[in-house]
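Structural description and commentary
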Amino acid sequence: MIIGIPKEIKNNENRVALTPAGARELVKKGHTVYVQHTAGLNSGFDDNAYETAGARILPDIEAVYAAAEMIVKVKEPIALEYPLVRKGQLLFTYFHFASDEALTEAMLRSGSTCIAYETVEAPDHSLPLLIPMSEVAGRMSVQEGARFLEKPQGGKGLLLGGVPGVKPGKVLVLGGGVVGHNAALMAAGLGADVTIADISLPRLRYLAETMPKNVRTLYSSTHNIEQELPVTDLVIGAVLIPGAKAPHLISRDMLKKMRPGSVLVDVAIDQGGCFETSHPTTHADPVYEIEHILHYCVANIPGAVPSTSTLALTNATLPYVIKLAGKGWEQACEEDAGLRLGLNIVDGKIVYPAVAEAFPHLSH
């Protein structure tokens, strides 16, 4: 199969979808890999590394889309790329369709087949292509939250871990999945006073048994969240309903309960965000203020640490890329029920229920 790796053009997206080592594995199996000029540079991989691995370099994004049967990316195509996607082409990337009607419409019009990383499942129902980036995003959410609590960044001027004789800051993590788990670990490691909330009692029991002593668990409800907000310095929004829009757990009115200079980090922004006042931001302009509360809603958090993220992502995606390239998407999805769940759009039709539910007027 002919596989194309375009350079990511979303704001400050420094990751690349395939490492030279990954390209080498595909070439070894008889596939052709085209990589756009400088696509891997911001992740630490120059063109020469790809050529040494057997890939071929193409000069621009148009050439990559024109040549490839399968496009492998990190982030969803943006408007500039919509016209480049063609009928019958396979796209394998993060899509998050349920929160982006324009993207959904464009991919429907293209007649392409779209397999979304975020809805592929493993046999145990975990999300193997979301997990590595969720681990990165969860850890970075606390790192960024701690930074924006600093006074020069607009925060209240608080050190999350405190110092001897001064109490540490309080962190509320909404969601006990992979993002929340990693966020709580990072916050606990900094010495913060951490509360992690979820609606699953078995998950809360697991977290209570395995987390450090400075992490407490809380059943997630509007009442309980409202009780926590007046004493919380940093809230991490880490809820996920696979492939669907995130629920709003904190309303605009609830922000008034928080102290000025507190920080919200919405890791669920890819799926529409879990705070009512959230809207996507970029690494170039990451925060805005509503009701004196800083909102950090960067939609591609792991893009800031591409040296780590690209390696972690390729480790997870490569086996699926090999399977799709070797068997074609129809046979690969027929044989692998988890990969089949990644199918979101096929030849002008929405085939993933949560996306169809989000846009009933687009569903046939």
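Residues numbered from 1 in each chain as written. Predicted model: local features only at pLDDT ≥ 70, side-chain atom pairs only at ≥ 80, totals over all residues. Heavy atoms only, no water.

**Structural notes on the pattern of salt bridges**
Formally: Salt bridge, as applied in this entry: a Lys or Arg side-chain nitrogen positioned within 4 Å of an Asp or Glu carboxyl oxygen. Runs of H or I in DSSP of at least four residues are treated as helices and runs of E of at least two as strands, each being numbered from the N terminus. Relative accessibility thresholds used throughout: buried, under 20% of the residue-type maximum; exposed, over 50%; partly exposed, between the two (1.4 Å probe, protein chains only).
Taken as a whole and judged by the stated rule, the model has 17 salt bridges. As a salt-bridge pair, Glu-8 and Lys-73 come within 2.8 Å of each other at their nearest N and O atoms. Here Glu-8, found in the loop between strand 1 (2–5) and helix 1 (20–28), pairs with Lys-73, found in the loop between strand 4 (70–72) and strand 5 (90–93); they are 65 residues apart in sequence, far enough to count as distant. Relative accessible area serves as the criterion here: at 7%, Glu-8 is assigned to the buried category. A salt bridge links Glu-144 to Arg-147, with the shortest nitrogen-to-oxygen separation between them at 2.7 Å. Taken together, the residues Glu-144 and Arg-147, both in helix 5 (residues 131–148) and 3 residues apart, mark about one turn of the helix. Salt bridges sharing common partners tie together Lys-10, Lys-75, Glu-76 and Asp-270.

**Quick word on the packing of aromatic side chains**
Applied cut-off: Aromatic pairs are defined between Phe, Tyr and Trp rings, using the six-membered ring for Trp, whenever the two ring centres lie within 6.5 Å; interplanar angles under 30 degrees are classed as stacked, those over 60 as edge-to-face, and all others as tilted.
As enumerated under the stated definition, the model contains 4 aromatic pairs in all. Aromatic pair Phe-95 and Phe-97: ring centres 4.5 Å apart, planes at 10 degrees, arrangement stacked. For Phe-97, a relative accessible area of 1% puts it in the buried group. For the pair Phe-148 and Tyr-296, a centre-to-centre distance of 5.8 Å together with 45 degrees between the ring planes defines the contact as tilted. Linking Phe-148 in helix 5 with Tyr-296 in strand 13 (residues 293–296), this pair joins segments that are 148 residues apart in sequence. Here Phe-148 and Tyr-296 have matching classes, each one buried. In this structure an aromatic cluster arises from ring pairing among Phe-92, Tyr-94 and Tyr-117.

**Here we look at the sheet that holds strand 6 (residues 113–116)**
Pairing between the strands of a sheet comes from backbone hydrogen bonds, and it takes one of two forms, parallel or antiparallel. This is how it is decided: Think of it this way: DSSP has to see at least two bridges between two strands before they count as a pair.
Judged by pairing direction, the sheet is mixed, and its 8 strands sit side by side in the order 3-2-1-4-5-6-14-15 without closing on themselves. Either end of the sheet is taken by a strand with one partner, and the two such strands are strand 3 (56–58) and strand 15 (349–350). Across 2 bridges, strand 14 (residues 343–346) lies against strand 15 in antiparallel orientation. Residue pairing across strands places Val-346 opposite Lys-349, the latter belonging to strand 15.

**Some details on the side chain of Thr-119**
For clarity, the cut-off: Here a polar contact is recorded for every N or O atom pair within 3.5 Å, except that within protein the pair must consist of a potential hydrogen donor and a potential acceptor, and residues adjacent in sequence are included only if both atoms are side-chain atoms.
Among the secondary structure elements, Thr-119 is positioned in the loop between strand 6 and helix 5. The buried category is assigned to Thr-119, whose relative accessible area is 1%. A distance of 2.9 Å separates a polar atom in the side chain of Thr-119 from the backbone oxygen of Leu-341. Within polar-contact distance, the side chain of Thr-119 engages the side chain of Asn-344 at 3.1 Å.

**As for the state of the cysteines**
Going by this rule: When two cysteine sulfur atoms are found within 2.5 Å, that pair is recorded as a disulfide.
Under the defined criterion, the tally for this structure stands at 0 disulfides. Just so you know, Cys-114 is unpaired, no disulfide at all, and the nearest cysteine sulfur is the one on Cys-333, 12 Å from it. A relative accessible area of 0% places Cys-114 in the buried class.

**Focus on the packing of helix 5 against helix 10 (residues 306–335)**
The line we're drawing: Axis angles are defined between N-to-C directions and span 0 to 180 degrees, where every axis is a line fitted to C-alpha atoms and, for a helix, only to the segment in contact. Any angle between 65 and 115 degrees counts as roughly perpendicular, while under 35 counts as roughly parallel, over 145 as roughly antiparallel, and the rest as oblique. Note on contacts: a residue pair qualifies if any of its non-hydrogen atoms lie within 4.5 Å across the two residues. Under the scheme applied here, ten amino acids are nonpolar (Ala, Val, Leu, Ile, Met, Phe, Trp, Tyr, Cys and Pro), four are charged (Asp, Glu, Lys and Arg), and all others, including Gly, are polar.
The contact between helix 5 and helix 10 brings their axes to 8 Å, and the two run at 155 degrees. Compared by their axis directions, helix 5 and helix 10 come out roughly antiparallel. On helix 10, the residues that touch Pro-132, Met-133 and Val-136 of helix 5 are Ser-309, Ala-312, Leu-313 and Ala-316. In terms of residue class, the contact of helix 5 with helix 10 is made up of 6 nonpolar, 1 polar and no charged.

**Side note on the pairing of strand 2 (residues 32–36)**
Condition: Throughout, right-handed denotes a crossover for which the path from the first strand over the helix to the second runs clockwise when the strands point away from the viewer.
With 4 of 5 residues buried, strand 2 is to be regarded as a mostly interior element. One ladder, built from 4 bridges, connects strand 1 with strand 2; its direction is parallel. Residue pairing across strands places Ile-2 opposite Thr-32, the latter belonging to strand 2. Taken together, strand 1, helix 1 and strand 2 form a β-α-β motif whose crossover is right-handed.

**Topic: a nonpolar patch on the surface**
How we decide: Patches in this entry comprise residues that are over 30% relatively accessible and not in a salt bridge; like charges within 9 Å are linked, as are nonpolar side chains (Val, Leu, Ile, Met, Phe, Trp, Tyr) within 5 Å. Shrake-Rupley sampling with a 1.4 Å probe provides the accessible areas, and residues are treated as covered by the protein chains on show and by no other component.
Taken together, the side chains of Leu-159, Val-163 and Val-166 present a nonpolar region at the surface, about 280 Å² in accessible area. Relative to the elements of secondary structure, Val-166 occurs in the loop between helix 5 and strand 7 (170–174).

**Description of the nonpolar core**
Considering soluble globular proteins, one finds that nonpolar side chains tend to be buried as a cluster. To keep things clear, this is the line we draw: Take the buried residues of types Ala, Val, Leu, Ile, Met, Phe, Trp, Tyr and Cys, join any two whose side-chain atoms come within 4.5 Å, and each joined set is a nonpolar core.
Ile-5, Ile-115, Val-171, Val-194 and Ile-236 are the most contacted members of the largest nonpolar core, which has 70 residues in total. Of all the elements, helix 10 adds the most residues to this core, at 9 residues. Here Ile-5 is in contact with Val-16, Ala-17, Leu-18, Val-33, Tyr-34, Val-35, Gln-36, Ala-39, Val-64 and Val-72, once residues within four sequence places are set aside. Core analysis: the second largest hydrophobic core is formed by 26 residues, Leu-103, Leu-108, Ala-244 and Leu-362 among them.

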